[in-house]
Amino acid sequence: MADQEEEELRMAMRMSMQSPEPKRSKPWENAGCPTESLEESPEVKSRKVQRELMAAAAERRMLATRGSAAGQVAEKSVEKNLGDRAEEQKATSMGDPEVENNLNLGEQLSPEAANQLFLMVFGNQVTRDILAQWSNQGIRFSSDGETSMGLVQHEGGPCGVLAAIQAIVLKYIIFLPEELGKPTINMPHNLVPRRSCKSEYVAPDDLFDSLTEDRKSRALVSSMAEILFLCGSNKRAVIATLSILDLTTDGTEDALKDEGFAKALQDLSIESGSDLQNVLRVGTYSSQASAFQRLEAMIPVFRSRMGAMLFLISALLSRGLDFVQADRDDPSQSLVTAPFGHASQEIVNLLLCGEAVAHVFDGRMDLGGGMFLKGISTNVEVGFLTLLESLNFCKVGQYLKCPKWPIWVIGSESHYTVLFALSTSVQDENEFEGRETQIRRAFDAQDQSGGGGFISVEGFHQVLKETCINLPPEKLDHICSSGFIVWSEFWQVLLDLDKSSGGLKDSTGLMGKKVFDLYHFNGIAKSDLNGCQTTPGGETPLQRPRLTKLRVSVPPRWTPEEFLADVKLPSDSSSKETVVEVAKPEPPQHAPLVDCIRTRWARATCNWVGDPPSIV
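In short, a report on the structure. (Residues numbered from 1 in each chain as written. Predicted model: local features only at pLDDT ≥ 70, side-chain atom pairs only at ≥ 80, totals over all residues. Heavy atoms only, no water.)

1. Some points on the overall build of the protein
Where we set the bar: Put simply, DSSP marks the helices as runs of H or I at least four residues long and the strands as runs of E at least two long, and each gets a number from the N terminus on. Only protein chains enter the area calculation, which uses a 1.4 Å probe; residues under 20% of their type maximum are buried, those over 50% are exposed, and those in between are partly exposed. Here a residue-residue contact requires only that any non-hydrogen atoms of the pair lie within 4.5 Å. Note that accessible areas follow from Shrake-Rupley with a 1.4 Å probe, and for residues the cover is restricted to the protein chains shown.
The number of helices and strands found in the protein is 23 helices and 16 strands. Burial status across the protein gives 47% buried among its 616 residues. Within the protein, contacts between residues separated by at least 24 positions form 70% of all contacts whose residues are at least 6 apart in sequence. For the protein, the accessible surface area stands at approximately 30,800 Å², while carbon and sulfur atoms represent 51% of it.

2. Comments concerning the nonpolar core
Counted only if it meets this: The nonpolar core is taken to be a set of buried Ala, Val, Leu, Ile, Met, Phe, Trp, Tyr and Cys residues, with the residues joined through side-chain atoms within 4.5 Å.
Formed by 104 residues in total, the largest nonpolar core has its most connected members in Phe208, Phe311 and Phe420. A per-element tally of this core places helix α7 (residues 159-175) first, with 14 residues. Ranked by size, the runner-up nonpolar core spans 22 residues in total, among them Val552, Cys596, Trp601 and Trp608.

3. Observations regarding empty space enclosed by the protein
Rule in force here: With a 1 Å grid spanning the protein atoms alone, the term cavity applies to any set of points in which a 1.4 Å probe fits but cannot get out, the term pocket to an open set with protein on both sides within 12 Å along at least five of seven lines, and the term lining residue to any residue with an atom within 4 Å of a point. Grid points are joined across faces, edges and corners, and a volume is the space filled by probe spheres set on the points. Residues are grouped as follows: Ala, Val, Leu, Ile, Met, Phe, Trp, Tyr, Cys and Pro are nonpolar; Asp, Glu, Lys and Arg are charged; all remaining types, including Gly, are polar.
With the rule as written, the count across this model stands at 2 cavities of 30 Å³ or more. Of the volumes computed, that of the largest cavity is approximately 90 Å³. Contributing to the lining of the largest cavity are 15 residues, with Leu151, Ala163, Tyr416, Phe521 and Gly523 lying nearest its centre. Where the lining of the largest cavity is concerned, the elements lending two or more residues are α7, β9 (416-420) and β12 (514-522). At 4 residues, α7 tops the list of elements feeding residues into the lining of the largest cavity. Considered class by class, the residues forming the lining of the largest cavity number 9 nonpolar, 6 polar and no charged. Estimated volume of the second largest cavity: approximately 50 Å³. Contributing to the lining of the second largest cavity are Leu117, Phe118, Val121, Phe122, Leu276, Met309, Leu312 and Ile313. Among the secondary structure elements, those contributing two or more residues to the lining of the second largest cavity are α5 (111-122) and α14 (307-319). A breakdown of the residues in the lining of the second largest cavity according to their chemical character gives 8 nonpolar, no polar and no charged.

4. Focus: the pairing of strand β1 (residues 237-242)
Stated formally: Two strands are counted as paired when DSSP detects at least two bridges linking them.
Of all 6 residues that make up β1, 6 are buried, and the element is covered over most of its length. Across the two faces of β1 the burial is the same, with Ala237, Ile239 and Thr241 and Val238, Ala240 and Leu242 all buried. Two elements, β1 and strand β2 (residues 280-285), share 6 bridges in a ladder whose sense is antiparallel. When the sheet's bridge partners are listed, Ala237 is paired in β2 with Tyr285.

5. Examining the layout of surface pockets
Quantified by volume, the second largest pocket comes out at close to 560 Å³. Residue assignment for the lining of the second largest pocket shows that the elements contributing at least two residues are β12, β13 (546-554) and β16 (605-608). Across the lining of the second largest pocket, the residue classes tally to 9 nonpolar, 5 polar and 11 charged.

Taken by themselves, the reported measurements are silent on function.
And the structure:
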């Protein structure tokens with residue numbers, strides 16, 4: 001072992017004394033420059049320092065094996081020398097803008113990884129139209145004053161990526177404004193279900209009127225960092241950028257805004273794994289602060305026409321390509337779906353939940369024979385609702401329906417938009433809902449039928465005791481006469497039993513009704529290119545980003561249809577004889593978005609002003 005260590009030391013010392021290799025200058029570096037004017041470059045100095053560090057490290061290992069007092073003294077000297085030279089190397093690199101810029105650009109993917117990534121996203125038969133959609137979508141806020149809080153989408157395709165980012169951006173703007181600008185982001189591993197949160201937060205109605213560009217930019221950076229760390233299991237974030245920056249910028253944010261950068265992107269195209277390998281550079285960050293700073297510096301890049309694709313690639317690499325494939329049911333299919341190039345549910349789930357699973361139910365579904373389908377495995381910050389559930393094509397689980405914050409990505413057959421509230425109370429259970437949940441939980445605890453929905457008489461008495469329900473003797477004898485109690489029969493008894501006896505009867509219908517506001521944002525702006533408010537011919541664009549306010553009324557689940565009407569109590573409600581005035585209800589309006597809302601709040605009715613909200 002000692003001979004091996006001595007041989008390592010000799011080799012390291014020989015390397016440190018070798019003449020450094022000449023710097024390989026870039027073709028345009030020496031054009032017109034005499035060679036005799038060139039001094040030893042910082043890069044050469046850096047290589048020399050690295051060799052000396054290797055020699056010092058080898059010497060340190062030898063001294064550690066000897067263990068003598070003299071060796072320990074010498075080891076301290078080596079440690080000091082090692083530290084001094086590491087600082088010298090750091091200072092050398094920081095002093096050289098080119099070295100610093102190359103380090104900042106990150107690493108190049110291997111040809112194998114780049115090809116795997118391209119095929120995973122686009123498949124091997126992708127059309128140029130789909131590639132154009134994904135190569136011409138930046139992550140930029142709307143220039144329209146009414147929708148300045150929203151990200152604009154110009155063409156179909158990347159809406160799933162934009163909607164997921166938009167949902168987290170709204171979380172920071174509405175509910176976490178004090179977190180904006182902090183390098184330590186609101187990490188998703190601190191999640192708790194929204195229903196367990198006691199405090200209520202209500203944002204002002206004019207919140208979006210006071211938004212500054214700086215606040216929006218900081219919300220975007222915080223959101224992107226949170227999503228990437230979520231994909232990286234809260235351990236890392238991989239950030240992808242373009243090698244073209246090395247040719248057009250000096251690494252500063254001001255340079256990224258130069259016209260030269262925009263012009264360089266005009267001829268940039270990605271049509272294969274080879275193209276991806278040539279133009280892509282990736283950096284891995286385990287520190288929230290460093291990832292935050294990197295994203296902050298690269299915001300102009302993500303605003304460029306390659307922004308949506310770069311962020312999707314960053315999320316996939318943060319998760320890890322092998323882990324992404326393991327998440328999926330069918331890894332042979334591309335993540336961008338044919339023939340229209342839409343983001344798949346796997347992409348949306350990855351950005352919302354950190355796993356590229358294909359389904360939206362809770363947990364996983366056992367198919368037997370060792371086969372199963374994977375759904376959402378944990379609580380989430382923002383949720384997901386879909387029109388497909390109202391059409392009975394899928395079932396969204398409670399994790400996505402009841403997120404921590406009242407914000408949902410809305411899915412239709414071909415597009416993703418965002419629904420949100422300004423108050424956390426929209427997800428709180430009212431008194432009757434809480435009572436129903438309590439009784440049902442107690443009933444299910446006594447259900448020994450394997451989910452059949454009935455319990456024994458003995459178990460029924462235990463339910464009555466736990467939930468403080470006092471049934472009249474005649475009703476108790478009637479419901480127990482068959483020897484077992486069915487939930488549907490018990491439920492009807494509760495609806496007719498007064499609240500004072502533990503039932504749910506409410507003559508006014510007020511306690512079970514909820515009225516609240518929701519907001520829907522659709523960022524598509526196919527005719528609103530580059531933030532212009534008019535077309536070249538001077539006409540109003542056919543479609544622009546839209547923000548729609550909806551008044552939502554949710555009647556009690558256990559009352560007749562007549563309680564859909566607004567119920568108003570007289571001003572003097574202390575009178576013994578309370579007169580209930582039933583006002584004529586405002587006619588409900590319908591749009592496909594309402595069907596999505598009803599998957600979360602059954603029997604909800606909605607009203608709005610102006611054109612109906614669009615989810616396509």
